Amino acid sequence: MVKKLLSFLLCACLLLTVTACSGGGTTDSEPAGTKSPESRSNQHDTSNQPENEPDASASPSENEPDQSSDETTSGSNILVAYFSLAGEQYEVGVIEKGNTEIVAEMIADAIGADTFKIESTEEYPTTYDGLLDISRKEEDDPPEIADTVDNMDDYDTIFLGYPIWWGDTPTIIKVFLQSYDFSGKTIIPFCTHGGSGLAGTDRTISGLCPDSTIGEGLAIRGSTAQNDRDSAKESVTKWLSDNGY
Ligand SMILES: Cc1cc2nc3c(=O)[nH]c(=O)nc-3n(C[C@H](O)[C@H](O)[C@H](O)COP(=O)(O)O)c2cc1C
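Residues numbered from 1 in each chain as written. Predicted model: local features only at pLDDT ≥ 70, side-chain atom pairs only at ≥ 80, totals over all residues.

What follows covers the overall build of the chain. Helix and strand counts for the chain come out as 8 helices and 9 strands. Looking at the 245 residues of the chain, the share that counts as buried comes to 47%. In the chain, of all internal contacts separated by at least 6 residues, the share reaching a separation of at least 24 is 80%. (Helix = DSSP H or I, 4+ residues; strand = E, 2+ residues; numbered from the N terminus. Buried ≥ 20, exposed ≤ 12 C-beta atoms within 10 Å, placed from the backbone. Contact = placed C-beta atoms within 7 Å.)

Structure (structure tokens):
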């Protein structure tokens, strides 16, 4: 009963979140978020919880997130850095490749960029409920990133990808942004989400990297990235082209 009530509240709040979001990025199905930092300071109230439960048909499986790091040094001055989890995810059930990772690969393929998968030293749970739980704890106990980009100086543009968590970037993205000097570099955000769009995360990034240029972000619904890759690719291609790539 309580769970149903919570789900209802979450759905209602998602609707509010989506309505409150506007501009600031490109999205395949929902307006990009521009919630004010003030409004996001309440992001862990029930009013900003992830809006819904995963598909009831989703069942936990043995699938582990791909933990392999994929840094390469092709000579490109563009890096696609991303955080993404496989396992059980909202709306898509149990997946072998994270939604954001799918988009990250599309971007890297299209522009011939290097990639770097942001991974924690601790493995994440592979259930949605487990992720809801750990994601809240991380706020007070930030994760450690397993690997480093040794040649960050070589990159002047970083496409930064992440899922929306609680109407914001996951904490590990903040840790990543605090781990390097991004002054003078361009950071272009992209995310996958369950309905919130970018949710103002471009402002989270600019807050942490005040001396960087933040490009126009892209928001793609996780279920589109996972299950309608042609449509996701079309959005990626158009966004890249609109931004001169
Ligand atoms: C802990 C957690 C919190 C989430 N919070 C939101 C949210 O606030 N808004 C939203 O639209 N989607 C939310 N989602 C859904 C994810 O953004 C979405 O499923 C995303 O595509 C997952 O990407 P990934 O497979 O690359 O990790 C949340 C998911 C998790 C696990």
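Next, the rest of the story.
Here we come to the site of the ligand. Around the ligand lies a shell of 24 residues, among which Thr100, Pro163, Gly194, Ser196 and Gly222 are the nearest. Contributing elements (two or more residues each) for the shell around the ligand: α3 (99-111), α4 (128-138) and β7 (186-193). Class assignment of the residues belonging to the shell around the ligand gives a composition of 10 nonpolar, 13 polar and 1 charged. (Near = placed C-beta within 6 Å. Nonpolar A, V, L, I, M, F, W, Y, C, P; charged D, E, K, R; others polar.)

With that settled, consider the environment of threonine 224. Inspection of the secondary structure assignment puts threonine 224 in helix α7 (residues 222-227). Overall, the presence of 22 C-beta atoms within 10 Å leaves threonine 224 in the buried class. Note: C-alpha distance between threonine 224 and glycine 194 (30 residues apart in sequence) is 9.8 Å.

The next thing to look at is the packing of α3 against helix α8 (residues 229-242). Relative orientation of the contacting elements α3 and α8 amounts to 50°, with a least axis distance of 10 Å. Looking at the two axes, α3 sits oblique to α8. For the element pair α3 and α8, the recorded crossing hand is right-handed. Here Ile102, Val103, Met106, Ile107, Ala110 and Ile111 of α3 lie close against α8, whose contacting residues are Arg229, Ala232, Lys233, Val236, Thr237 and Leu240. (Axes fitted to C-alpha atoms, helices over the stretch in contact; angles between N-to-C directions. Parallel < 35°, antiparallel > 145°, perpendicular 65-115°, else oblique. Left-handed = near helix turned anticlockwise from the far one by under 90°.)

Of note, aspartate 242 is situated in helix α8. Judged by the 11 C-beta atoms lying within 10 Å of it, aspartate 242 falls in the exposed class. Between the C-alpha atoms of aspartate 242 and glutamate 216, which are 26 residues apart in sequence, the distance is 9.6 Å.

Here we take up the pairing of strand β2 (residues 78-82). Looking along a regular strand, one sees the side chains alternate between the two faces of the sheet. The buried fraction of β2 is high, at 5 of 5 residues. Here β2 shows no split at all, with Ile78, Val80 and Tyr82 on one side and Leu79 and Ala81 on the other all buried. As defined by bridge partners, β2 adjoins strand β6 (residues 157-163) across 5 bridges and the pair is classed as parallel. Its bridge partner lying in β6, isoleucine 78 is registered against threonine 157. Bridge count for β2 against strand β5 (residues 114-117) is 4 bridges, and the pairing is parallel. In the sheet register, valine 80 faces β5, and the bridge partner there is threonine 115. (Pairing = 2+ DSSP bridges.)

Within the largest apolar cluster, 45 residues are counted, with the highest numbers of intra-cluster contacts made by Leu79, Val80, Ala81, Val103, Ile107 and Phe159. Counting only elements with at least two residues in this core, the list comes to β2, α3, β6, α5 (171-178), β7, β9 (217-221) and α8. If near-sequence neighbours (up to four positions away) are discounted, phenylalanine 159 is found in contact with Ile78, Val80, Ile107, Ala113, Ile188 and Phe190. (Core = buried A, V, L, I, M, F, W, Y, C linked by C-beta atoms within 7 Å.)

For glutamate 91, which is not glycine, the phi dihedral falls at a positive 75°. Here glutamate 91 is to be found in the loop between β3 (87-89) and β4 (93-95). For glutamate 91, a count of 19 C-beta atoms within 10 Å translates into the label partly exposed.

Turning to the confidence of the model for the chain, a few remarks are in order. Per-residue confidence for the chain averages 80 on the pLDDT scale, and 69% of its residues sit at or above 70. Between residues 1-24, whose pLDDT stays under 50, and residues either more than four places distant or in other chains, the model counts 44 contacts. Counting interchain partners and residues more than four positions distant, the pLDDT-below-50 stretch residues 51-72 has 59 contacts. (pLDDT = per-residue confidence, 0-100.)

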